[in-house]
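Below, each chain spelled out in residue letters.
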Amino acid sequence: MRIGVAKEIKSDEYRVALTPAGARELAQRGHDVLVESAAGDGSAFPDSDYERAGARIVSVDEVWAESELLLKVKEPVEAEYARLREGLVLFTYLHIAADEPLTRALLDSGITAVAYETVETDDRRLPLLAPMSEIAGRLASQAGAHFLEKPLGGRGLLLSGVPGVAPGRVLVVGGGIVGYNAAIIALGLGAQVTILERSIDRMRHLDEILSGRVSLVMSSSLQIESSVADADVVIGAVLVPGAVAPKLITRDMLGVMKKGAVIVDVAIDQGGCVETARPTTHSDPVYSVEGIIHYCVANMPGGVPITSTKALTNATLPYVEAIADHRLAEAVARDRALARGVNVLHGKITYEAVAEAHDLEYTPLDAVLPLTPA
Ligand SMILES: NC(=O)c1ccc[n+]([C@@H]2O[C@H](COP(=O)([O-])OP(=O)(O)OC[C@H]3O[C@@H](n4cnc5c(N)ncnc54)[C@H](O)[C@@H]3O)[C@@H](O)[C@H]2O)c1
């Protein structure tokens, strides 16, 4: 199959959808890999690395016009709508439930659009979102430690303490993928860590893997209120699938917190779990409300594109190989997780939540494609 890799043109996006290592795997399987010139520059992968891996470097027009499967990181921006076309399979983060103009552009073009974020296994895992949550969680503790420094507006506290001086306290609200990863970095920095979780099963699992190194406490409004009062860093990491994040940390609770404490609201991309949170950017990441530093960067993995690009390719490559080796119809027939990723096909919406979000007609995928393996 002819597989293209387009350069991202969305502002502040430095990731690329395929590493040279991934390009080599695909080339070795006999596929023709086209990489848009300079696509990997932001992730420190020059064109020459892709050429050595067996890919061809092409122009933007060629990559969009000649590919059968086009790999991207972010959704097409308006300037790219005219390039969408029938016969092309686009595989990328789409998030079209929140983007009506793009949904219409995809439908009108006849393109097939497969969204990373809706690829979902039978046990409800989201394998193409997980690596970004791992990165965001790890960055959250780093950011918290950093902004505790006095010249940056923080309390002026070293999270690890030193011999003779107690370490700082990190409170993680939500012990999923983000929360677990935040906790292990905070532990590594020497902090005292508490995780508040709502799921008993998840707490049992965290107890097994963290074996007593963190305090695991049932989450409730009362518990959150008393825990934030002691915390130097609070990390918001909750997710209620399919819903905006609940506002668990209210404006009133800021009043009981220590001045100069840091809140990192990782859930900001789902609206935030802190009442006073609003999205910020890597170039202007923090602001203060009632003396509490708020870090609310909505695309945290974008700050570390070298790591994020590699982690993303590690997760997407098996699916890319499946589509390339078997073509989309057979690949989705063999793998229900990949089938759930198909959002738009032949001018129809094949993902129910997207159709509902825009009040448009939903067509089950198996009404458009036969879902029995050949
Ligand atoms: N800002 C960014 O760049 C960025 C990057 C990746 C993920 N995220 C966001 O981070 C959030 C967490 O993602 P995740 O992958 O860890 O999700 P996850 O589903 O793995 O974990 C969420 C956890 O929150 C728990 N939870 C739900 N309600 C709770 C409550 N009231 N109190 C305590 N815990 C509660 C759930 O039981 C679950 O364990 C999501 O909103 C996600 O979109 C943001």
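Above this text is the structure in question.
The written sequence of each chain sets the order in which its residues are numbered from 1. Confidence filtering applies because this is a predicted model: local features only for residues at pLDDT of at least 70, side-chain atom pairs given and counted only at 80 or more, and all residues used for totals across whole chains, interfaces and linings. For the side-chain quantities, the full set of heavy atoms in the structure was used; hydrogens and water were omitted.

Some remarks on the sheet that holds strand β8 (residues 192-197)
- Spatially, 7 strands are ordered β9-β8-β7-β10-β11-β13-β12 in an open sheet, and the strand pairing comes out mixed. What marks the edges here is a single partner per strand, and that holds for β9 (215-218) and β12 (286-289). Direction aside, neighbouring strands of the sheet carry axes that sit 20° apart on average.
- Helix α7 (residues 200-210) contacts β8 and β9 of the sheet and is inclined by roughly 175° relative to β9.
- Two residues qualify as a contact provided that any one of their heavy atoms is within 4.5 Å of a heavy atom in the partner residue. With axes taken as lines fitted to C-alpha atoms, and helix axes fitted only over the stretch in contact, angles between N-to-C directions fall between 0 and 180 degrees. The helix count covers DSSP runs of H or I at least four residues long, the strand count covers runs of E at least two residues long, and both are numbered beginning at the N terminus. Against the sheet, helix α8 (residues 221-230) engages β7 (169-173), β8, β9 and β10 (233-236), with an angle of about 150° to β7. Pairing between two strands is assigned when DSSP locates at least 2 bridges connecting them.

Concerning the nonpolar core
- The term nonpolar core refers to a set of buried residues drawn from Ala, Val, Leu, Ile, Met, Phe, Trp, Tyr and Cys, joined through side-chain atoms within 4.5 Å. Each residue is assigned to one of three classes by its accessible area relative to the maximum for its type, calculated with a 1.4 Å probe on protein chains only: buried under 20%, partly exposed between the two thresholds, exposed over 50%. Counting 75 residues, the largest nonpolar core has F91 and V193 as its most contacted members.
- Looking at which element gives the most residues to this core, the answer is helix α10 (residues 305-334), with 11 residues.
- In this structure V193 touches V170, V172, A183, A186, L187, V214 and S215, once residues within four positions along its chain are discounted.
- Core analysis: the second largest hydrophobic core is formed by 24 residues, V173, V238, A261 and Y287 among them.

A look at the sheet that holds strand β14 (residues 342-345)
- With mixed pairing, the 8 strands of this open sheet are ordered in space as β3-β2-β1-β4-β5-β6-β14-β15. Strands with a single pairing partner mark the edges of an open sheet, and in this sheet they are β3 (56-58) and β15 (348-349).
- The sheet contact formed by strand β2 (residues 32-36) and β3 spans 3 bridges and is parallel. Along β3, the bridge assignment pairs V35 with I57.

What to know about the site of the ligand
- The immediate surroundings of the ligand are formed by 27 residues, with S133, V178, E197, S219 and M300 found nearest.
- Contact distances for the ligand include 3.3 Å between an oxygen atom and a backbone N or O atom of L239.
- Within the contact set of the ligand, a nitrogen atom lies 3.2 Å away from a backbone nitrogen or oxygen of V297.
- In this description, accessible areas are obtained by the Shrake-Rupley approach with a 1.4 Å probe, and a residue is regarded as covered only by the protein chains that are shown. Bound to the protein, the ligand loses 86% of the 870 Å² it would expose on its own. Proximity is defined per residue: any heavy atom of the residue falling within 4 Å of a molecule or strand makes that residue near it. Within 3.5 Å is the distance limit for a polar contact, defined as a pair of N or O atoms, with the added protein rule that one can donate a hydrogen and the other accept it, and that residues adjacent in sequence qualify only through two side-chain atoms.

Some points on the packing of aromatic side chains
- Aromatic pairing here means that ring centres of Phe, Tyr or Trp (its six-membered ring) are within 6.5 Å. Orientation follows from the plane angle: under 30 degrees is stacked, over 60 is edge-to-face, and everything else is tilted. If you walk through the whole model with that rule in mind, you get 4 aromatic pairs.
- Summarising the aromatic geometry, the rings of Y93 and Y116 are spaced 4.8 Å apart at their centres and angled 90° between planes, so their arrangement reads as edge-to-face. Taken together, the residues span a long stretch of sequence, with Y93 in the loop between β5 (89-92) and α4 (100-109) and Y116 in the loop between β6 (112-115) and α5 (130-147) at a distance of 23 residues. A single burial state applies to Y93 and to Y116, both of which are buried.
- On the basis of an interplanar angle of 45° and a centroid distance of 5.9 Å, the ring pair of F147 and Y295 is categorised as tilted. Linking F147 in helix α5 with Y295 in strand β13 (residues 292-295), this pair joins segments that are 148 residues apart in sequence.
- Among the residues examined, F147 registers a relative accessible area of 11% and is labelled buried.
- A network of ring pairs unites the aromatic residues F91, Y93 and Y116 as a single cluster.

Digging into helix α6 (residues 177-188)
- Between its terminal C-alpha atoms α6 stretches 17 Å, which fits the 16 Å expected from 12 residues at 1.5 Å a residue.
- Residues of α6 that are buried include every one of V178, G179, N181, A182, A183, A186 and L187, and no others.
- Next to the buried residues of α6 lie α5, β7, β8, α7 and β10.
- Positive backbone phi, approximately 95°, marks G190, located one or two places after α6. Expected helix span is taken as 1.5 Å per residue step, with the number of steps being one fewer than the number of residues.

Description of the pairing of β10
- Burial of β10 is two-sided: the residues V233 and I235 facing one way and the residues V234 and G236 facing the other way are all buried.
- Where β7 and β10 come together, 4 bridges link them in parallel fashion. Across the sheet, the residue bridging to V170 is V233, located in β10.
- Bridge analysis of β10 against strand β11 (residues 262-265) gives 4 bridges, and the strand direction is parallel. Within β11, the residue paired with G236 across the bridge is D265.

Bear in mind that shape data such as this cannot, by itself, settle questions of function.
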